[in-house]
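# Commentary on secondary and tertiary structure
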Amino acid sequence: MTDKTRTRGRLPMQIPADAQRQGGPVSAARRRFLAGSAAAGGALAAGGLLGGKALAGNPENLPPNIPDWSRYLGAGVDAHPYGMPVEFESHVVRRNVEWLTATSESSVNFTPIHEMDGFVTPNGLCFERHHGGMAIVPPEDYRLMINGLVDRPLIFTYQDIMRFPPESRFHFLECAANSGMEWRGAQLNGVQYTHGMIHCVYYTGVPLKTLLQEAGVKTSAKWILAEGGDSAGMTRSIPLEKALDDCMVVYSMNGERLRAEQGYPVRLIVPGWEGNMWVKWLRRIEVGDKAWYHREETSKYTDLLPNGKARKFTWVMDAKSVITSPSPEKPMRAEGPQVLKGLAWSGHGRISRVDVSLDGGINWQAAQLHGPVLPKALTFFTLPFEWHGQELLLQSRAMDETGYVQPRMAALQEVRGVNSIYHNNSIQTWLVNANGVVDNVRLG
Ligand code: MTE
Ligand code: CO
């Protein structure tokens, strides 16, 4: 393989300084730093202890000394009525890419998936996508209307919704545009930016079916329309079959009430289907006998094919996976035994298998899936491997319970052409350089 076959990732502009430290742009300074830490890593491996004396912030805290935190009384409980992450983890934050946003206010940010040790996304790290900014809806002013082809048009208050028997489930939400910048070549040098428009949350709410039954769906009904209460009025048509299957009207995420960013007080979840259908600040559900062909399902969220026709109603998010470490944000820091980490998901059900290649797709080995492996939820996987300073081309390939296998980009483009922004579920390649720096590259 020659350099000609590789397209190196472009870096998002204006990344904050702390992002650079944590693995945004690959600066010359960072390359030097990495080279240094790789050398230190060799010594650590010999010592058999991570974080040896040479890397300590304050050697006074190391054995056999008694560290500061053992000598003085700690802080009391009054300081944190709502707990926040420890200060040393302050780099674990959502980030945005300036040049992806049309207006002065950012309308999308990305989940730091390279920092996720497992499949659950903490509430404060769930990426946000707003088409008209974040609405603030006081719960007492909230109403959900159900109208159209129903026996009894109804208006629910927030309290009404909470009186129904609840259900709870984990599900991933992936924006249809996740990895969208990568269609034509490696663009963004960071897994947070290439794959971070995803989160996986434990939702609690009411099955949409329960609310629809309360209103009484007429036999002629075939579709529902879900409408958001924000200034964008995000509106999507959903087949009645899906609405009655596993959609939920939720008010809780990971055991606490929804964050404003995620649609407080009430949002729709449409498991396995593209994120824009998960209407936030849900205001109205209309029941009808045909699709509405709103803006978000005609001019947007369709894929223009090479023959000039557009794919519409591309609802399901096909199986996909990505290696989150090593990644541009998680370079190699030491030689010797390593653990590769990643995430896999499928809108069709459970992940059945993830294969990993260290040599650009020539040889593959099965990764370990860390349970629980839930349908339409993220699955965390790992693979132990050895690194001795050689170049690697890392890839992961997910398979789901339907037998579908995550494709290479070339295979996807043969069918879809290169006009798409949405539904890029192709295999991602990371180049591990000899000095430990990891880059986003395209192998075809
Ligand atoms: N719902 C409303 N009302 N307004 C919006 O702008 N954005 C959609 C969807 N629901 C949107 C919305 C898009 S494009 C996505 S990807 C998801 O919400 C993002 O959900 P999140 O902000 O919880 O990550
Ligand atoms: Co979206």
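In the block above lies the structure referred to throughout.
Read on for a plain summary of the structure. (Residues numbered from 1 in each chain as written. Chains lettered and ligands numbered in written order. Predicted model: local features only at pLDDT ≥ 70, side-chain atom pairs only at ≥ 80, totals over all residues. Heavy atoms only, no water.)

Regarding its fold elements, the chain presents 8 helices and 21 strands. Within the span of the chain, comprising 444 residues, buried residues form 52% of the whole. Surface exposure of the chain reaches about 20,300 Å², of which carbon and sulfur atoms provide 55%. (Helix = DSSP H or I, 4+ residues; strand = E, 2+ residues; numbered from the N terminus. Buried < 20%, exposed > 50% of the residue type's maximum accessible area, 1.4 Å probe, protein only. Areas by Shrake-Rupley, 256 points an atom, 1.4 Å probe, with all protein chains shown as cover.)

Okay, the side chain of Glu-329 next. The residue Glu-329 is located in the loop between strand 13 (320–325) and strand 14 (336–345) in this model. Buried and unpaired, Glu-329 has no salt bridge, with Arg-95 as the nearest side chain of opposite charge at 7.1 Å. At 2.8 Å, the side chain of Glu-329 and the backbone nitrogen of Val-191 are in polar contact. One polar contact links the side chain of Glu-329 to the main-chain amide nitrogen of Gln-192, over a distance of 2.9 Å. (Lys, Arg positive; Asp, Glu negative; His and termini not counted. Salt bridge = Lys/Arg side-chain N within 4 Å of Asp/Glu carboxyl O. Polar contact = N/O pair within 3.5 Å; in protein donor to acceptor, adjacent residues only side chain to side chain.)

Taken together, the neighbourhood of ligand 1 is formed by 21 residues, with Phe-127, His-131, Asp-230, Arg-267 and Lys-280 sitting nearest. A distance of 2.7 Å is found between a nitrogen atom of ligand 1 and a side-chain nitrogen or oxygen belonging to Asp-230. Note that a nitrogen atom of ligand 1 is positioned 3.1 Å from one of the backbone N or O atoms of Trp-278. In the complex, the protein chains occlude 100% of the 540 Å² of accessible area that ligand 1 would expose alone. Here the residues of the shell around ligand 1 sort into 8 nonpolar, 7 polar and 6 charged. (Near = heavy atom within 4 Å. Nonpolar A, V, L, I, M, F, W, Y, C, P; charged D, E, K, R; others polar.)

Once that is clear, we can look at the pairing of strand 10 (residues 282–288). Burial analysis of strand 10 places 5 of its 7 residues in the buried class, which makes it a mostly covered element. Note: strand 1 (residues 143–148) against strand 10, 4 bridges, orientation parallel. Bridging from a neighbouring strand, Ile-146 pairs with Ile-285 of strand 10. Relative to strand 10, strand 5 (residues 223–228) runs antiparallel, the two being bridged by 6 bridges. Residue pairing in the sheet places Gly-228 in a bridge with Leu-282 of strand 10. (Pairing = 2+ DSSP bridges.)

All right, on to the sheet that holds strand 14 then. Strand order in the open sheet formed by 4 strands is 13-14-18-17, with antiparallel pairing between adjacent strands. This sheet does not close on itself; its edge strands, each paired only once, are strand 13 and strand 17 (368–370). Mean inter-strand twist for the sheet, computed between neighbouring axes without regard to direction, equals 30 degrees. Of the strand pairs in this sheet, strand 13 and strand 14 are connected by 5 bridges, and their pairing is antiparallel. Note that in strand 14 the partner of Ser-325 across the bridge is Lys-341. (Axes fitted to C-alpha atoms, helices over the stretch in contact; angles between N-to-C directions.)

Here 5 strands make up an open sheet; going across it, the order is 2-1-10-5-6 and the pairing mixed. The sheet terminates laterally at strand 2 (154–157) and strand 6 (235–239), the two strands that pair on one side only. Each strand axis lies, on average, 20 degrees off the axis of its neighbour in the sheet, ignoring direction. With 5 bridges connecting them, strand 5 and strand 6 associate as antiparallel partners. Bridge assignment links Leu-225 to a residue of strand 6, and that residue is Ser-237.

Turning our eyes to something else, we now look at the pattern of salt bridges. Going through the model one piece at a time under the given rule, you end up with 21 salt bridges. Ionic pairing is found between Glu-297 and Arg-236, a salt bridge with its closest N-O pair at 3.0 Å. With Glu-297 in the loop between strand 10 and strand 11 (303–304) and Arg-236 in strand 6, this pair connects stretches of sequence that are 61 residues apart. In this structure, Glu-297 and Arg-236 share a single accessibility class: buried. Arg-353 serves as the salt-bridge partner of Asp-355, at 2.9 Å between the closest nitrogen and oxygen. Of the residues examined, Asp-355 reaches a relative accessible area of 4% and is grouped as buried. In this structure Arg-353 comes out as partly exposed when scored by relative accessible area, which is 38%. Members of the salt-bridge network, linked through shared partners, are Glu-227, Arg-283, Arg-284 and Glu-286.

Our next topic: helix 8 (residues 409–416). Buried within helix 8 we find Met-409, Leu-412 and Arg-416. Relative to the axis of helix 8, the buried residues are bounded by an arc of 65 degrees and lie together on one face. In helix 8, the exposed positions angled more than 90 degrees off the buried face are occupied by Glu-414 and Val-415. Looking at the buried side of helix 8, the elements it contacts are strand 11 and strand 12 (310–311). Of the residues one or two after helix 8, Gly-417 is the one with positive phi, at around 75 degrees. (Arc of directions from axis to C-beta. Contact = heavy atoms within 4.5 Å.)

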